[in-house]
Amino acid sequence: MTQSRLKYLLLFQFIFIGYAGYAQYSQFEKKDSVAAKYPYKFPLLGSKAFEKGFNIPYSAGGMLNYFTAKQDVVIPEIAIGFNNSEMLDLTELLEFGTVNAHATSVNVRPDLWVLPFFNVYGIFGKAWAQTEVELTYPVTLKAVANLEGTSLGFGVTGAGGLGKYFFVVDGNWIWTMMSNFEAPVRSYTFSGRLGRAFRVGKNPESNIAPWIGGMRIKMGGVTEGSILMGDLIPQETWQRRDEIVNNYWNWYDNEATLPQKLIADKVLTPIVDRLEAADGSGSIKYRIRKEPKQKWNMIIGGQYQLNKHHQFRAEGGIIGNRKSLLLSYNYRFGF
């Protein structure tokens, strides 16, 4: 046997061992498969692993996911217009306190193990989002935007490991079309997990696998759209409108520079006038670039596999600014 062929076979065996560790979390002895043949087309090269005695999971599946997360965000750029006025850059004028976003989604994720160590999947779902914005200058007020939309995306997963220990690296790209947005919101998620599987009872197909890892989320591009003032301003802000209006005119008369007044007269003053009149019919146009305050957070989770068809998963983001919860059910079948 040549040296290059030997290296190839060693790599080949390591990949298959890693696949068994991640996707099935268990192996069976070679004697169990002596008289059997692998009956499916996918994953490619799966028959080779099966012949070597590794327990190949069903290659195709569908996952139903519920995901919710809350995190603080920062706004490095913002432009605002009111009704038919042009949007003006207010980045240097406005100052923000706490800005947080709460997102919830329900989605389905069909997937296929193309190779024993490489999985591809699609994402189709419904999303709901609430963003709370605390403005601290030139006045103090709170705004809340409630949005909903649909999500489309795709992702890839790579896996490996040895025996009962496994690692998983995952990345996905999602486009979400939210109400009041002129273009889809793009997001990219990267995550890595390290875990170990434990057999449950005497059933070789049943196990539980806890893991620990990290997740990074990046939101791309600028969101642009419009929203009615009445839908943006919560009741507590309307109840404080006299205080807010007085503080605004105090700033305008005593602190604002001439350039600030020119901008304020086109955008802020009309909004304050509507607030004073308790009139929420005006339309606020916006162009915002927002980013997660902290891109990385720590995650812990686990999966209970009843058998090769049914898996149940739970995962939480517990350390870091982002707090999240994922619950999912996965059904798998041969293809």
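Our structure's up above, just so we're on the same page.
Residues numbered from 1 in each chain as written. Predicted model: local features only at pLDDT ≥ 70, side-chain atom pairs only at ≥ 80, totals over all residues. Heavy atoms only, no water.

Caption draft 1: A look at the overall build of the protein. Along its length, the protein carries seven helices and 14 strands. Among the 335 residues that make up the protein, the fraction classed as buried is 44%. Of all intrachain contacts in the protein linking residues separated by at least 6 positions in sequence, the fraction that spans at least 24 positions is 68%. (Helix = DSSP H or I, 4+ residues; strand = E, 2+ residues; numbered from the N terminus. Buried < 20%, exposed > 50% of the residue type's maximum accessible area, 1.4 Å probe, protein only. Contact = heavy atoms within 4.5 Å.)

Caption draft 2: Quick peek at the nonpolar core. Of all hydrophobic cores here, the largest spans 42 residues; its most connected members are Ile80, Leu90, Leu94, Met229, Tyr248 and Leu268. Looking at this core, the elements that each hand over two or more residues are strand 1 (60-82), strand 3 (95-115), strand 4 (118-137), strand 5 (141-162), helix 3 (229-232), helix 5 (241-254), helix 7 (268-276) and strand 11 (283-292). In contact with Met229, other than residues within four places in its own chain, are Phe82, Trp238, Ile271, Arg274, Leu275, Asp279, Gly280, Gly282 and Ile284. Listed in part, the five residues of the second largest apolar core include Phe166, Val168, Ala209 and Trp211. (Core = buried A, V, L, I, M, F, W, Y, C linked by side-chain atoms within 4.5 Å.)

Caption draft 3: Here's a closer look at helix 7. Every buried residue belonging to helix 7 is among Leu268, Thr269, Ile271, Val272 and Leu275, and all of these are buried. Projected down its long axis, helix 7 carries its buried residues within an arc of 160°, all on one side. The inward-facing, buried residues of helix 7 contact strand 1, helix 3, helix 4 (235-239), helix 5, helix 6 (258-266) and strand 11. Looking one or two residues past helix 7, Ala278 carries a phi angle of roughly 55°, positive in sign. (Arc of directions from axis to C-beta.)

Caption draft 4: Representation of the environment of Lys70. With respect to the helices and strands, the residue Lys70 is situated in strand 1. Leave out the neighbours within four places in its chain, and Lys70 touches Asn100, Ala101, His102, Asn321, Arg322 and Lys323.

Caption draft 5: Region of interest: the side chain of Ser105. Tracing the backbone shows Ser105 in strand 3. Non-local contacts of Ser105, meaning those with residues more than four positions away in its chain, are made with Asn65, Tyr66, Phe67, Lys126, Ala127 and Trp128.

Caption draft 6: Structural context of the pairing of strand 10 (residues 223-228). Covered by surrounding structure in strand 10 are Thr223, Gly225 and Ile227 only, the residues Glu224, Ser226 and Leu228 on the alternate face being uncovered. Both strand 10 and strand 11 contribute to a ladder of six bridges, which runs antiparallel. Considered in strand 11, the bridge of Gly225 is made with Tyr286. (Pairing = 2+ DSSP bridges.)

Caption draft 7: Here's a closer look at unusual backbone geometry. Residue Pro138 is reached from Tyr137 by a cis peptide bond, and omega for that bond is 10°. The phi dihedral of Asn83 is positive, around 55°, even though this residue is not glycine. Take Asn83: it is sitting in the loop between strand 1 and strand 2 (88-89).

Caption draft 8: Region of the structure containing a nonpolar patch on the surface. Together, Leu64, Tyr66, Val106, Val108, Phe124, Trp128, Leu152, Leu325 and Leu327 make up a nonpolar patch on the protein surface, roughly 770 Å² of accessible area in all. Listing elements by their share of the nonpolar patch, those giving two or more residues are strand 1, strand 3, strand 4 and strand 14 (323-333). Tracing the sequence through the fold places Phe124 in strand 4. Residue Phe124 is classed as partly exposed on the basis of its relative accessible area, which comes to 44%. (Patch = residues over 30% accessible without salt bridge, like charges linked within 9 Å, V, L, I, M, F, W, Y side chains within 5 Å. Areas by Shrake-Rupley, 256 points an atom, 1.4 Å probe, with all protein chains shown as cover. Salt bridge = Lys/Arg side-chain N within 4 Å of Asp/Glu carboxyl O.)

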